[in-house]
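# Fold and geometry: a report
Each chain is listed here by its residues.
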Amino acid sequence: MSDTHTLVENAFRHDYGKVVAALTKRLGPQHLQAIEDATQQALLTALTAWGLGGAPDDRVAWLYRVAYNRALDVLRRDAKQASVDDAPMQVAAAHDAPSFAGEVQDDLLRMMFLCCDPAIPIESQLALALKTLCGFSTEEIALRLFTSEGNVLKRLSRARDVLRESLQLEAPALAELLPRLDAVHRVLYLLFNEGYQSAQSSDLIRVELCEDALRLTDVLAAHPLTATPETHALLALMYLHGARLQARIDELGDLVLLADQDRSRWDLDAIAQGLTWLNRSATGDRMSIYHLLAGIASEHCLAPTFEATRWQEIAELYQMLERIEPSPLYTMNRAIAVAQWQGAQAGLDLLRSVTPPPWLARYYLWDAVLADLYLRCGNHQAAAVCYDRALQHAPTDAERRLLQRRRDAVAALEPCH
Amino acid sequence: MSKKYLLIYRGPRASEMPPHSPAEMQKFLATWGEWKAKFGDRIVEMGDALHDTGKILSKTGVTDGPLVESKEVIGGYSIVQGTSYDDAMTVARECPIMFMPNSRIEVRELMGY
């Protein structure tokens with residue numbers, strides 16, 4: 001028995017994900033709602049049991065047992081669930097499952113693939129992953145995805161509907177699910193980005209998402225079937241970005257731009273890990289976006305100063321990204337690199353050669369970058385207009401404060417008129 | 001003279017409790033440790049939690065109980081010591097059980113000495 005208050009932070013969230021994954025394997029994805037309810041109740045039960053008697057050494061096995069029995073009770077009550085009639089035998093087996101901890105990693109892996117069912121819309125995949133794998137409540141998911149709780153509930157029920165209709169009595173074997181690996185990478189990358197890109201004022205919220213994405217990608221990298229070069233590149237990318245996470249926020253919770261970051265605050269261990277995984281990813285003949293993105297991140301991590309960054313390499317890597325997956329966002333980033341490499345005017349020319357698609361019209365970063373480039377070219381008026389537009393669409397306070405500081409600086413430069 | 005009191009934790013079974021996020025529940029679990037730390041010398045026995053269901057033995061035989069339909073079940077117990085009921089209440093009042101929805105504590109003095 002270990003002491004209850006020595007539980008590491010997030011342990012309950014992660015336990016939740018492991019138990020849901022293990023039960024989904026045992027009972028089938030069509031019962032996901034019952035499984036989640038049972039797991040929730042097992043955690044509630046643990047509140048008194050562990051509080052009084054102390055937490056068991058193997059928390060997941062304990063929770064699994066309670067949740068499994070609970071889920072069976074519920075499913076048995078439903079007359080239609082004839083397929084789980086052999087349940088009492090399975091309960092006995094569950095009680096003395098010795099290699100439980102090892103199996104749970106496999107179950108988590110399988111659950112990731114189930115979340116990435118191609119019949120589930122991508123935003124529902126992401127919500128489902130946050131709910132089942134990360135153990136966030138709908139309210140917590142809403143906060144993290146900048147959307148309403150009602151919206152999250154809708155996305156989740158859409159996802160559960162698809163799983164219910166799959167009508168499989170048990171979760172398919174991992175090998176059958178492998179074609180979905182690209183989609184799994186995508187969701188993990190999105191999960192990481194939600195943490196990394198969004199400037200939540202609460203540091204913890206962002207770091208949590210990044211850590212969870214990294215934890216799950218680690219599971220992929222540890223399994224022979226899913227340890228592909230792309231998985232390694234994705235893991236490298238997460239380590240290399242993660243290394244700079246803390247330095248992106250100052251003491252007041254404001255965003256710090258790359259140029260102004262204190263590079264001594266970057267996490268050297270994480271950079272070393274990232275470079276190791278990047279090396280390992282350099283096999284096979286497929287150059288994925290994760291290889292290129294990790295390559296860009298490594299250029300930043302290895303640069304001694306902002307000025308001494310190899311901007312030409314970075315601009316070229318972005319250009320390769322545009323070839324694989326054309327996106328005005330890559331062009332925007334290339335324009336930033338080009339501005340450093342060949343001068344602000346060259347960057348501005350490149351950015352202005354692109355007509356942003358409608359979905360980008362309200363994207364504050366586009367205007368913010370444009371404003372910076374105008375400013376550096378000496379066109380203060382155009383810069384001010386772009387900053388104002390960016391300010392209108394900035395999603396968080398931290399971003400607004402950063403933009404406002406720059407807008408104020410322009411106002412100070414602007415000649416009186 | 002110090003007396004012993006049995007704290008009987010009564011409340012809804014887990015299936016009847018409103019859902020909480022795992023993160024919230026973990027924070028709640030930590031409050032047991034705080035309670036223990038604060039009243040360590042007053043808690044004679046932390047006690048244990050009880051399963052929702054069990055058996056009831058009577059002269060006519062054995063039946064299942066408490067019934068699944070019963071609104072409230074005994075979820076667990078602890079034993080604390082104090083000079084009076086009022087004194088025992090100061091410990092019980094801060095017990096984490098009091099912060100669980102629809103839960104209450106029955107406090108009963110032990111007669112043995």
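What you see is a predicted model; the values in this text were computed from it and never measured. (Residues numbered from 1 in each chain as written. Chains lettered and ligands numbered in written order. Predicted model: local features only at pLDDT ≥ 70, side-chain atom pairs only at ≥ 80, totals over all residues.)

### Examining the overall build of chain B
Scanning chain B for helices and strands turns up 2 helices and 6 strands. Dimensions along the principal axes, computed over C-alpha positions, put chain B at roughly 45 × 40 × 20 Å. Counting only residues that meet the buried cut, chain B has 22% of its 113 residues in that class. Taking contacts inside chain B between residues at least 6 apart in sequence as the whole, the part at least 24 apart equals 80%. (Helix = DSSP H or I, 4+ residues; strand = E, 2+ residues; numbered from the N terminus. Buried ≥ 20, exposed ≤ 12 C-beta atoms within 10 Å, placed from the backbone. Contact = placed C-beta atoms within 7 Å.)

### What about the overall build of chain A?
A count of helices and strands for chain A gives 20 helices and 0 strands. Across the 417 residues that make up chain A, the buried fraction comes to 44%. The long-range fraction of contacts in chain A, counting pairs at least 24 apart against all pairs at least 6 apart in sequence, stands at 64%.

### Notes on the interface of chain A and chain B
Contact residues are listed per partner, giving 24 residues for chain A and 23 residues for chain B. At 12 residues, helix 2 (residues 32-53) of chain A tops the list of elements feeding residues into the side of chain A that touches chain B. Broken down by class, the residue content of the side of chain A that touches chain B amounts to 11 nonpolar, 10 polar and 3 charged. (Nonpolar A, V, L, I, M, F, W, Y, C, P; charged D, E, K, R; others polar.)

### So, the nonpolar core
Residue and element names in this part refer to chain A. Grouped together as the largest cluster of nonpolar side chains are 132 residues, with contacts concentrated most on Val19, Ala67, Met112 and Leu237. Considering each element in turn, this core owes the most residues, 11 residues, to helix 2. Here leucine 237 is in contact with Tyr290, Leu293, Ala294 and Ala297, once residues within four sequence places are set aside. (Core = buried A, V, L, I, M, F, W, Y, C linked by C-beta atoms within 7 Å.)

### Notes on the pairing of strand 4 (residues 61-65) of chain B
Each regular strand displays side chains that alternate between the two surfaces of the sheet. Residues and elements named next belong to chain B. Where burial is concerned, little of strand 4 is hidden: 0 out of the 5 residues are buried. Inspection of the sheet shows strand 3 (residues 54-58) paired to strand 4 by 5 bridges, in the antiparallel sense. Across the sheet, serine 58 pairs through a bridge with glycine 61, a residue of strand 4. Linking strand 3 back to strand 4 in an antiparallel pair, the connection comprises 2 residues. (Pairing = 2+ DSSP bridges.)

### Topic: the sheet that holds strand 2 (residues 43-49) of chain B
Read across the open sheet, the 4 strands follow the order 2-5-1-6 (chain B); overall the sheet is antiparallel. Of all strands in the sheet, those bounded by a partner on one side alone are strand 2 and strand 6 (104-109) of chain B. Each neighbouring strand pair of the sheet contributes to a mean axis angle of 20°, computed without reference to strand direction. Relative to strand 5 (residues 73-82) of chain B, strand 2 of chain B runs antiparallel, the two sharing 4 bridges. Across the sheet, B:Ala49 pairs through a bridge with B:Gly76, a residue of strand 5 of chain B. Here helix 2 of chain A sits on the sheet in contact with strand 1 (3-11), strand 2 and strand 5 of chain B, set at roughly 145° to strand 2 of chain B. (Axes fitted to C-alpha atoms, helices over the stretch in contact; angles between N-to-C directions.)

### Considering the packing of helix 14 (residues 289-302) of chain A against helix 15 (residues 311-324) of chain A
Residues and elements named next belong to chain A. At a minimum axis separation of 10 Å, helix 14 and helix 15 run at an interaxial angle of 165°. Classified by the angle their axes make, helix 14 and helix 15 are roughly antiparallel. Classified by chirality, the crossing of helix 15 by helix 14 is left-handed. For the pair formed by helix 14 and helix 15, the contact residues are Ile289, Leu292, Gly295, Ile296 and Glu299 on the first element and Glu313, Ile314, Leu317, Met320, Leu321 and Ile324 on the second. A breakdown of the residues in the contact of helix 14 with helix 15 according to their chemical character gives 8 nonpolar, 1 polar and 2 charged. (Parallel < 35°, antiparallel > 145°, perpendicular 65-115°, else oblique. Left-handed = near helix turned anticlockwise from the far one by under 90°.)

### Examining the confidence of the model for chain B
Residue and element names in this part refer to chain B. For chain B, the mean per-residue pLDDT works out to 92, and 98% of the residues sit at or above 70. The secondary-structure element of chain B with the lowest mean pLDDT is strand 4, recorded at 90, while strand 6 shows the highest, at 97. This complex was scored by the predictor with a pTM of 0.83 and an ipTM of 0.93. (pLDDT = per-residue confidence, 0-100.)

### Digging into the environment of A:Leu178
Along the chain, A:Leu178 turns up in the loop between helix 9 (174-177) and helix 10 (181-197). Along the primary structure A:Leu178 and A:Arg110 are separated by 68 residues, whereas in three dimensions their C-alpha atoms are 9.6 Å apart.

### Concerning unusual backbone geometry
Between B:Gly65 and B:Pro66 the backbone carries a cis peptide bond, its omega angle lying at -5°. As for its position among the elements, B:Pro66 is in the loop between strand 4 and strand 5.

### Notes on helix 1 (residues 11-27) of chain A
Structural remark: α-helix, 3.6 residues per turn; residues separated by three or four positions point the same way. All names here are of chain A. With 17 residues, helix 1 should reach 24 Å at 1.5 Å per residue; the first-to-last C-alpha distance of 24 Å fits that figure. The buried fraction of helix 1 is high, at 15 of 17 residues. Looking one or two residues past helix 1, glycine 28 carries a phi angle of roughly 100°, positive in sign. (Expected span 1.5 Å × (residues − 1).)

### Looking at the packing of helix 19 (residues 380-393) of chain A against helix 20 (residues 397-413) of chain A
All names here are of chain A. Between helix 19 and helix 20, the shortest axis-to-axis distance is 10 Å and the interhelical angle comes to 160°. As the angle between them shows, helix 19 and helix 20 are arranged roughly antiparallel. Where helix 19 crosses over helix 20, the handedness of that crossing is left-handed. Across from His380, Ala383, Ala384, Tyr387, Asp388, Ala390 and Leu391 in helix 19, the residues of helix 20 making contact are Arg400, Leu403, Gln404, Arg406, Arg407, Val410, Ala411 and Leu413.

### Thoughts on the confidence of the model for chain A
Detailed reading of the predicted coordinates is not advisable wherever pLDDT is low. Residues and elements named next belong to chain A. Here chain A averages 87 in pLDDT, while 88% of its residues score no lower than 70. Low pLDDT, under 50, characterises residues 1-5; the stretch is placed with 17 contacts to residues that sit more than four places away or in other chains. Within the model, the stretch residues 86-98 combines pLDDT values under 50 with 8 contacts to residues more than four positions away or in other chains.

### Brief notes about helix 8 (residues 149-165) of chain A
Residues and elements named next belong to chain A. A rise of 1.5 Å per residue sets the reference length of helix 8, with its 17 residues, at 24 Å; its end C-alpha atoms lie 24 Å apart and thus fit the reference within 8%. Along helix 8, the residues classified as buried are Val152, Arg155, Leu156, Ala159, Arg160 and Leu163. Around the axis of helix 8, the buried residues are gathered within 130° of arc, so they sit on the same side. Away from its buried face by more than 90 degrees, helix 8 exposes Gly150 and Glu165. (Arc of directions from axis to C-beta.)

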